[in-house]
Amino acid sequence: MKKTQGFTRYTMVSSDIFVTVTHFGVTFSTSAVNALNCSMVNVYFNIDKKQMAIKADANGDWKFIPSKQNGYVRWNVKHLINKIQTFVDTEGKRFIGRYDRDENAIIFDFNVSAPTRKR
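What you see is a predicted model; the values in this text were computed from it and never measured.

Would you mind showing me how to read the pattern of salt bridges here?
Oppositely charged side chains can form a pair if their charged atoms are brought close together. As enumerated under the stated definition, the model contains one salt bridge in all. Between E103 and K55 there is a salt bridge, with its nearest N and O atoms 3.0 Å apart. Here the residue E103 occupies a position in the loop between strand 7 (93-100) and strand 8 (105-109), and K55 occupies one in strand 4 (residues 51-56), the gap between them amounting to 48 residues. Taking relative accessible area as the criterion, K55 reaches 27% and is therefore assigned partly exposed.

Right under this line is the structure:
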């Protein structure tokens, strides 16, 4: 019998799960990528609540492949940016996500934001 039998793997993340939205693109943090642990996702919107969800799906419509250097995912898709702009001003806002293990999805609330960090 293995000494770790009955244990569940814990994935360490270095920061909060978040998405950064600017007029140039949508960037998902390395923690978001690690939480979903997949290469394809589907994107969903709840217009009434001003929320976006990304859900892991092997047959998904969107590639969720991290950058080799930093591990984040960046989408520069104008129609997605335009869709998000119907909810929020996209001048460098960061939105914290909540990972739902049962759905293997991350839900981002566009009602609450923080400015991005300046370098």
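Help me understand the packing of aromatic side chains, please; the structure alone is not making it clear to me.
Think of a pair of aromatic rings as described by two things: how far the centres are apart, and how the planes are tilted against each other in angle. For the coordinates displayed, the defined rule picks out eight aromatic pairs. With a centroid separation of 5.6 Å and 25° between ring planes, the pair formed by F87 and F110 is classed as stacked. With F87 in the loop between helix 2 (78-85) and strand 7 and F110 in the loop between strand 8 and strand 9 (114-115), this residue pair connects regions lying 23 residues apart in the sequence. In this pair, the class of F87 matches that of F110, namely buried. Each ring, one from F95 and one from F110, has its centre 4.9 Å from the other, and the planes form 85°; the classification is edge-to-face.

Rules and cut-offs
Residues numbered from 1 in each chain as written. Predicted model: local features only at pLDDT ≥ 70, side-chain atom pairs only at ≥ 80, totals over all residues. Heavy atoms only, no water. Salt bridge = Lys/Arg side-chain N within 4 Å of Asp/Glu carboxyl O. Helix = DSSP H or I, 4+ residues; strand = E, 2+ residues; numbered from the N terminus. Buried < 20%, exposed > 50% of the residue type's maximum accessible area, 1.4 Å probe, protein only. Phe/Tyr/Trp six-rings, centres within 6.5 Å; stacked < 30°, edge-to-face > 60°.

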